[in-house]
There are 2 protein chains.
Amino acid sequence: MSSSPALNEALIAEAARIFATLSEPTRLRLLKTLMAGPLTVSEIVAATGLKQGNVSKQLGVLTQAGFLEREREGNFARFRVSDPFVQELCRLVCDKIERDAHARVAALRGEI
Amino acid sequence: MSSSPALNEALIAEAARIFATLSEPTRLRLLKTLMAGPLTVSEIVAATGLKQGNVSKQLGVLTQAGFLEREREGNFARFRVSDPFVQELCRLVCDKIERDAHARVAALRGEI
DNA sequence: TTCCTATATAGCGATATAGCTATTTATCGA
DNA sequence: TCGATAAATAGCTATATCGCTATATAGGAA
């Protein structure tokens, strides 16, 4: 049971879109900040030191991509990570980075 | 045991780089093609219909990122996926896409 | 060496998007 | 209704990078 080329292309395009969403340091910083718990825009601005406009814009991108949920609270907007998938993905990547770092250290040891 | 801000930034930058490498449909297509087994550049060109120059360029990007290994075979260059990490990552993302698709279908059913 | 084929790379136009400043929109309290 | 504050957005410049064409490099065979 193999899928049609078109479906494959759609799957690839969607996967690329997901990876692209996660390809910006600023957005990863926002996700990391929100992984500790839901926060309002101003709290995020205070926690990260990023400009309010950029924070709003990138939160919008992450929400559009389905990684965050937005909830109005009076004058504020509170954002939360909406999908454990994000955590899984980030953990996998971070583990990989650590593994590679350890491998590099081991290689250096071998070279001495 | 929390890491220094600088280390965190480095980790985020590295993660963003990994995601960015996977954010291009062409590169995902190449990875997908190579997941079936190692191939030379000309075989990849034949299998995908992409231009030789682009294939070389993007294989270079993937190799630089550590996702592929290159092996000279006389006049040819054979590439292979070098890290099961790539498969894991792609599987995770594809699963997510399928889950979301099913969820959308279910939502549609509910709306009828 | 000289030719031929497989890869790699240079240079270019087009496109996408990050972050900036400034402004607009939305919601609450007086 | 009228500020005041939180958030979203508009418009901009700068930058990165895709795929393209054309060319350079590398390695084998004659």
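Values in this document were obtained by computation on a predicted structure and should not be read as measured data.

*Asks:* Would you mind showing me how to read the protein's contact with DNA strand D here?
*Replies:* Among the 21 residues in the neighbourhood of DNA strand D, the closest are listed as Ser42, Ser56 and Arg70 of chain A together with Thr26 and Asn54 of chain B. The sugar-phosphate backbone supplies 68% of the atoms of DNA strand D found within 4 Å of the protein. Within the backbone of Val41 of chain A, a nitrogen or oxygen atom sits 3.3 Å from a phosphate oxygen of DNA strand D. One nitrogen or oxygen atom from the side chain of Lys57 of chain B is found 3.1 Å from a base nitrogen belonging to DNA strand D. Secondary structure elements with two or more residues in the surface near DNA strand D: α3 (41-48), α4 (52-64) and β3 (76-81) of chain A together with α2 (25-35) and α4 (52-64) of chain B. When its residues are assigned to classes, the surface near DNA strand D shows four nonpolar, 11 polar and six charged.

*Asks:* How do you make sense of the side chain of Arg27 of chain B when you look at a structure like this?
*Replies:* Residue and element names in this part refer to chain B. With respect to the helices, strands and loops of the structure, Arg27 is situated in helix α2. For the buried Arg27, no salt bridge is present, and the opposite-charge side chain at shortest range is Glu24, 4.9 Å distant. In contact with Arg27, other than residues within four places in its own chain, are Ala20, Thr21, Gln58, Val61 and Leu62.

*Asks:* It is not clear to me how the interface of chain B and chain A should be interpreted in this structure. Could you clarify?
*Replies:* Frequently, the measure chosen for interface size is the accessible area that the parts lose on association. Taken together, the contact between chain B and chain A spans 27 residues of the former and 27 residues of the latter. Between chain B and chain A the total buried area reaches about 2800 Å² when both faces are included, carbon and sulfur atoms providing 78% of it. The three residues of chain B that bury the most area against chain A are Ile12, Phe19 and Lys96 of chain B, which together make up 22% of that side's buried surface. Summed over the shared surface of chain B and chain A, the number is four salt bridges.

*Asks:* Just to check I follow, could you spell out the protein's contact with DNA strand C for this structure?
*Replies:* Contacts to DNA strand C come from 22 residues, most closely from Thr26 and Asn54 of chain A together with Ser42, Ser56 and Arg70 of chain B. Sugar plus phosphate: this is where 66% of the atoms of DNA strand C within 4 Å of the protein reside. The side chain of Ser56 of chain B places a nitrogen or oxygen atom 2.7 Å from a phosphate oxygen of DNA strand C. Within the backbone of Ala77 of chain B, one N or O atom sits 3.3 Å away from a phosphate oxygen of DNA strand C. Sorting the residues of the surface near DNA strand C by element identifies α2 (25-35) and α4 of chain A together with α3 (41-48), α4 and β3 (76-81) of chain B as the ones contributing at least two each. Here the surface near DNA strand C gets four residues from one element, more than from any other, and that element is α4 of chain B. Tallied by class, the residues present in the surface near DNA strand C amount to four nonpolar, 11 polar and seven charged.

*Asks:* Just checking my understanding: could you explain α4 of chain A for this structure?
*Replies:* In an α-helix there are 3.6 residues to a turn, and that puts residues three or four apart on one side. All names here are of chain A. Across its 13 residues, α4 extends 18 Å between first and last C-alpha, which sits within 8% of the 18 Å expected from 1.5 Å per residue. Along α4, the residues that are buried comprise Val55, Gln58, Leu59 and Leu62. Buried residues of α4, seen end-on, are gathered within an arc of 105° and therefore sit on one face of the element. Turned more than 90 degrees off the buried face of α4, the exposed positions are Lys57 and Gln64.

Reading the values: rules and limits
- Residues numbered from 1 in each chain as written.
- Chains lettered and ligands numbered in written order.
- Predicted model: local features only at pLDDT ≥ 70, side-chain atom pairs only at ≥ 80, totals over all residues.
- Heavy atoms only, no water.
- Near = heavy atom within 4 Å.
- Polar contact = N/O pair within 3.5 Å; in protein donor to acceptor, adjacent residues only side chain to side chain.
- Helix = DSSP H or I, 4+ residues; strand = E, 2+ residues; numbered from the N terminus.
- Nonpolar A, V, L, I, M, F, W, Y, C, P; charged D, E, K, R; others polar.
- Buried < 20%, exposed > 50% of the residue type's maximum accessible area, 1.4 Å probe, protein only.
- Lys, Arg positive; Asp, Glu negative; His and termini not counted.
- Salt bridge = Lys/Arg side-chain N within 4 Å of Asp/Glu carboxyl O.
- Contact = heavy atoms within 4.5 Å.
- Buried area = accessible area lost by both parts, 1.4 Å probe.
- Expected span 1.5 Å × (residues − 1).
- Arc of directions from axis to C-beta.

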